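Reading the structure
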Amino acid sequence: MYNLQLSPEQLEIRDTVRDFVTEEVKPLALRPERLEARTRPLLSDVLDKASQLGLRTLALSEDAGGAGVDTLTSCIVTEELALGDPDVAAVLARTSTLAHALFDRLMTPEQTARFLPPFLADDRYHLALAQLEPDRDAALGIHYHRPETSEADVKTTAVRAGDAWVINGVKDRVANAPLAGLFAVEVNSGPGGTSMLLVPRDAAGLSVRESDHSRHFHHGVCGELVFTDCQVPAENLLGPEREDALGGADAGRDAPLDQALNLGIGRAAYEAALEYAQLRVQGGRRIIEHQAIGTKLAEIAVRLEVARTVIWQAAWACDHPEAFADRSLPDLPLTRIAKVYASEAIYHATKDAAECFGAMGVMRDMPLQKYVHDALVCLHAGASNSDAKLRIAEALAGYRRPARPAALAAE
Amino acid sequence: MDFTLSNEQRSWQMTARKFAEEEIRPISVERDEISDPRETFDWEIIKKGSRLGFRTMAVPKEWGGHGTDFVTQALVMTELAKADSAISKTFSQCWKWSHLIAATCTDEQKRRFLQPFLEDDTYLLGKGISEPSAGSDNRLPPADDPKAGLKLRAERHGDEWILNGEKCFIANASVGKLFFIDARTDPNAPLKQGTTMFLVPRDTPGFRIGKVFNKSGWRFYQNGEMIFENARVPHANVVGPVNGSDMKTQQAGDRTGGDLFGDLELAANALGVCDDACGMALRLARTKKQGGRLLFEQQVVQLKLNRMHLLTEALRSFVMRVAWEHDHKLHSANPGLCMNFSTDVIQEVSELNLELHADAGVMEPRADKLVRDAIIWSHLAGDSVQRMKTTRRLAK
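Remember, predicted model here, so these are calculated numbers, not experimental data. (Residues numbered from 1 in each chain as written. Chains lettered and ligands numbered in written order. Predicted model: local features only at pLDDT ≥ 70, side-chain atom pairs only at ≥ 80, totals over all residues.)

Brief notes about the overall build of chain B
Under the convention used in this document: Note on conventions: DSSP H or I runs of at least 4 residues are helices, E runs of at least 2 residues are strands, and numbering of each starts at the N terminus. What the globule rule says is 2.2 Å times the number of residues to the power 0.38, and the radius of gyration is computed from C-alpha atoms. Counts of 20 or more other C-beta atoms within 10 Å of a residue's own C-beta define buried residues, counts of 12 or fewer define exposed ones, and intermediate counts define partly exposed ones; C-beta atoms are placed from the backbone. Placing C-beta atoms from the backbone, we regard two residues as in contact once those atoms come within 7 Å.
In terms of regular secondary structure, chain B is built from 11 helices and 10 strands. The C-alpha radius of gyration computed for chain B amounts to 21 Å, which stays within 12% of the reference 21 Å derived for 396 residues, consistent with globular compactness. Overall, the C-alpha framework of chain B stretches about 80 × 50 × 45 Å when taken along its three principal axes. Residues classed as buried in chain B amount to 54% of the 396 residues present. Contacts spanning at least 24 positions in sequence make up 75% of the contacts within chain B whose residues lie at least 6 apart.

Written as structure tokens, this is what we have:
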């Protein structure tokens, strides 16, 4: 069975989000002051409205109060949102994904009872996952195809003291940190073992600092968390399935939302170039009627369509894990493959789109330079493509690195 | 074949290298990060460079300049661009038009304009061609649309010409003291037969600068709008024959540089950026560790460094060959091909440099700046119009 037909629900959601972006996001996102990629404030009002539309809780199950959509639908929504504003898309995708992972899969009923109601009640309540640490070398690089583990120990520690965990350390590049009401924090909880603790924003001993937007390859907002004898109740320990649910095991098959976002950026550039090429007249005719520009637009379309195909395949695979088991899908890290292809293809597509605009393609009061910048950010966000290729190669060879020490589980 | 430089060429290169490292590099990123596009410019660096001869080095010796050859000019552009591409371009933009003055102006015009240019460290030159609805049409006038191209109108009234219209994307607009302006003097003739070039000083009545464009790259390099509202230019400021603007490249061959110098200029400048990117990447690989070992030990890093250097050295060979061919008055499509090639090289090399830094978790503003500077080439040197224009030279 091979079926690329979207369901009526998926089409309806796409149309709804597309209208929302056209009416509520684009008019704000394309204001001159927002085109300066380095200093653009987050569109908070748009985030509020998106939350009211259900996009903050999109992937959260219906039982828990969300829309319970699958990964493919989340990708479609993220692409549409990023067409308007990648920062808004990134914040919502992160919260929606974590809401599903935390509330539907990882929390105990007691934890859900404490954290779900305030999350549902507040449009500005977002979620964040804190894993990265300053100067911690997480690259594969030199460890390619070698048994040494690439990740140094987690330096943020949690020590049990009576009925509480006491956390000390620093996390950085935490997506959504400035907006999050609740953090899932990876901690070193014993000799070589890591655990995940739930830390509410108002926990004593936690301070959150927003990172300078221009100094990170990152869409949305991110920040740094500093824990100084920060205490959380013992009951805030998350269950042992976290590796799977939070992409911690990193099989290269997590939801390809970052690439869906990237696709939205590419499409914004493409749509702008296509429109302009049908208006601008040089050489006595509309520039789309010249072979040089026509071919360029065709190449952009080819890149975007192929990118969408690999992204959707990876998304569909997330929704149908059984397709790996019955050999319908190749036993490969499909999301990682999608990331490598899409991020390179889309960066080139935005550059080509900008070229259609001549000198206007580099002007900061025009959106084209912003699309190129935004695609460059996607190209370098997260783990590098060089590393991704090495991990794909390890997968091709069937190489398995020895597992890390077992984590502590919830009591 | 002899690749050695003369003592004089070597001396210019060393002076440029020292000035670039000591004076330009320290202000490069700082200037790039200023958000107001009018404020990125710095007169002090222009004055310092001017005193060393970097503003006037292309003026022939008989007119009081340094009369450097094209090989020297290429060497200097590369050295200056290694520290800052946009600052290098600000200087070489003056060479481009001093070549033009030397080749096309009358002695009387040279006295009036070359003398003050030589004497004043803040005297910068520019040329206005592009207009809001005429970019590609000026570069590659369509045979089937004779009215296409620039529209700025010049009409003669006695000893004066009255100019009306607008120019946009004009380099040095907000800082230049003298501009060459192409204007339509016969609106019924095709571009090449109906355009005249005028010398327009900054203080010409009826002429003013509009907005300064806010570019994502080359931020130091000023670029603005020009507005002509009944601007009055004396007939004595007409360059060459009326309706004969095109002589700057066609009849004059490459005596002037003109377009041909512009091609060499962008390629030589790109080479400097590539040198800088290679240097940054190599330094990173030899100092930054991952997993306890230097990045340089990794095959993927070695292959990227290899690619960056092979492209850069291939560009250097091409740039120096074109400069040498200019000095020997050899005409070919090579300058254009070299410029087109420099677009591919500067972008790939600067992108690889950024990639190596990003992969190592190093946020290096200068690596980001080089990528933004390199994207400018897409719109000047490597767009399809510039490539097709070069191809047409092959068929001549």
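Description of the packing of helix H8 (residues 291–319) of chain A against helix H10 (residues 334–355) of chain A
All names here are of chain A. Short version of the rule: Only the stretch in contact is used when fitting a helix axis, every axis being a line fitted to C-alpha atoms; angles between N-to-C directions are given from 0 to 180 degrees. For classification, angles of less than 35 degrees are called roughly parallel, those exceeding 145 degrees roughly antiparallel, those between 65 and 115 degrees roughly perpendicular, and all remaining angles oblique. Crossings are assigned a handedness: left-handed for a near helix turned anticlockwise from the far helix by less than a right angle, right-handed for a clockwise turn. Residue polarity is assigned by list, with Asp, Glu, Lys and Arg as charged and Ala, Val, Leu, Ile, Met, Phe, Trp, Tyr, Cys and Pro as nonpolar; anything else, Gly included, falls into the polar class.
In the contact formed by H8 and H10, the axes pass within 9 Å of each other and the chain directions differ by 160 degrees. Taken as axis vectors, H8 and H10 run roughly antiparallel relative to one another. With respect to the hand of their crossing, H8 and H10 are arranged in left-handed fashion. Partitioned by chemical class, the residues of the contact of H8 with H10 number 17 nonpolar, three polar and five charged.

Thoughts on the environment of A:Asn168
Residue and element names in this part refer to chain A. Structurally, the position occupied by Asn-168 is in strand S3 (residues 164–175). Residues Asn-168 and Thr-156 lie 12 residues apart in sequence; the distance between their C-alpha atoms is 5.7 Å. Excluding its chain neighbours within four sequence positions, the residues that come into contact with Asn-168 are Thr-157, Phe-227, Thr-228 and Asp-229.

A closer look at the nonpolar core
Here is the rule we go by: Only buried residues count toward a nonpolar core: Ala, Val, Leu, Ile, Met, Phe, Trp, Tyr and Cys, linked into one set through C-beta atoms within 7 Å.
Among the nonpolar cores identified, the biggest contains 232 residues, and A:Leu197, A:Ile311, A:Ala353, B:Leu80, B:Phe198, B:Ala267 and B:Val319 are the most heavily contacted of them. Broken down by element, this core gets its largest block of residues, 15 residues, from helix H7 (residues 258–287) of chain B. Once residues within four sequence positions are removed from consideration, A:Ala353 is found in contact with A:Ala269, A:Tyr270, A:Ala272, A:Ala273, A:Ile300, A:Leu368 and A:Tyr371.

Considering the interface of chain B and chain A
Listed per partner, the contact involves 30 residues of chain B and 28 residues of chain A. If you list the elements that add at least two residues to the side of chain B that touches chain A, you get helix H6 (136–139), helix H9 (334–359), helix H10 (365–380) and helix H11 (384–394) of chain B. Element by element, the count of residues in the side of chain B that touches chain A is highest for H10(B), at four residues. Its residues placed into classes, the side of chain B that touches chain A shows 11 nonpolar, 11 polar and eight charged.

Structural notes on the pairing of strand S4 (residues 180–190) of chain A
All names here are of chain A. Note the cut-off: Pairing between strands requires that DSSP locate at least two bridges from one strand to the other.
Within S4, eight of the 11 residues are buried, which leaves it mostly tucked inside the rest of the structure. One ladder, built from five bridges, connects strand S1 (residues 126–130) with S4; its direction is parallel. Following the sheet pairing, His-126 is matched in S4 by Ala-180. When S4 meets strand S5 (residues 193–200), the two strands line up antiparallel, connected through eight bridges. For Phe-183, the partnering residue across the bridge sits in S5 and is Val-199.

With respect to the domain arrangement of chain A
Residues and elements named next belong to chain A. Note the following rule: Domain borders in the structure are assigned automatically or taken from a domain database.
Split into domains, chain A comes out as domain 1 (8–124), domain 2 (130–241) and domain 3 (257–380). Taking only C-alpha atoms into account, the centre of domain 1 sits 23 Å from that of domain 2. Each partner contributes to the interface: domain 1 provides 18 residues, whereas domain 2 provides 16 residues. Those elements that place two or more of their residues in the side of domain 1 that touches domain 2 are helix H4 (86–106) and helix H5 (109–121). Top contributing element to the side of domain 1 that touches domain 2 by residue count: H4, with nine residues. Among the residues forming the side of domain 1 that touches domain 2, the class breakdown is nine nonpolar, two polar and seven charged.

Looking at the confidence of the model for chain A
Residues and elements named next belong to chain A. For the record, the criterion: You can read pLDDT as the predictor saying how much it trusts each residue, on a scale of 0 to 100.
Here chain A shows a mean pLDDT of 91. Residues at 70 or above account for 92%. Within chain A, no element has a lower average pLDDT than helix H6 (residues 242–245), which sits at 60, and none a higher one than helix H3 (residues 71–84), at 98. pLDDT under 50 marks residues 406–411. Its contacts with residues more than four places away, or in other chains, come to 16 contacts.

Observations regarding the domain arrangement of chain B
Residues and elements named next belong to chain B. The domain boundaries assigned to chain B delineate domain 1 (7–119), domain 2 (125–245) and domain 3 (258–394). On a C-alpha basis, the centroid separation for the pair domain 1 and domain 3 is 21 Å. The interface of domain 1 with domain 3 comprises 20 residues on the first partner and 22 residues on the second. Among the secondary structure elements, those contributing two or more residues to the side of domain 1 that touches domain 3 are helix H1 (7–32), helix H3 (70–83) and helix H4 (85–104). Of the residues forming the side of domain 1 that touches domain 3, the biggest block, nine residues, is contributed by H3.

Comments concerning the environment of B:Lys127
Residues and elements named next belong to chain B. With respect to the element layout, Lys-127 can be found in strand S1 (residues 125–128). Each C-alpha atom of the pair Lys-127 and Ile-46 lies 19 Å from the other, and the pair is 81 residues apart in sequence. When sequence neighbours within four positions are dropped, the list of residues in contact with Lys-127 reads Trp-97, Phe-179 and Phe-180.

A closer look at H10(A)
To keep things clear, this is the line we draw: Take the number of residues in a helix, subtract one, and multiply by 1.5 Å to get its expected span.
Between its first and last C-alpha atoms H10(A) spans 31 Å; for 22 residues at 1.5 Å apiece the expected length is 32 Å, and the two agree. Most of H10(A) sits inside the fold, with 19 of its 22 residues counted as buried.

Quick notes on unusual backbone geometry
Non-glycine residue A:Asn176 carries a positive phi angle of around 75 degrees. The exposure class of A:Asn176 is buried, given the 24 C-beta atoms found within 10 Å. Non-glycine residue B:Asn172 carries a positive phi angle of around 65 degrees.

Section: the environment of B:Val71
Following the sequence through the fold, B:Val71 ends up in helix H3. C-alpha separation for the pair B:Val71 and B:Asp327, spaced 256 residues apart in sequence, amounts to 7.3 Å.

Some points on the packing of helix H8 (residues 299–327) of chain B against H9(B)
To describe two helices that pack against each other, one gives the angle between their axes and the distance between the axes. Residue and element names in this part refer to chain B. At a minimum axis separation of 9 Å, H8 and H9 run at an interaxial angle of 155 degrees. Judged by the inter-axis angle, H8 sits roughly antiparallel to H9. Relative to H9, H8 is oriented so that their crossing is left-handed. Contacts between H8 and H9 involve Val-301, Lys-304, Arg-307, Met-308, Leu-311, Thr-312, Leu-315, Phe-318, Val-319, Val-322 and Glu-325 on the former and, on the latter, Asn-334, Pro-335, Cys-338, Phe-341, Ser-342, Val-345, Glu-348, Val-349, Leu-352, Asn-353 and Leu-356. Broken down by class, the residue content of the contact of H8 with H9 amounts to 14 nonpolar, four polar and four charged.

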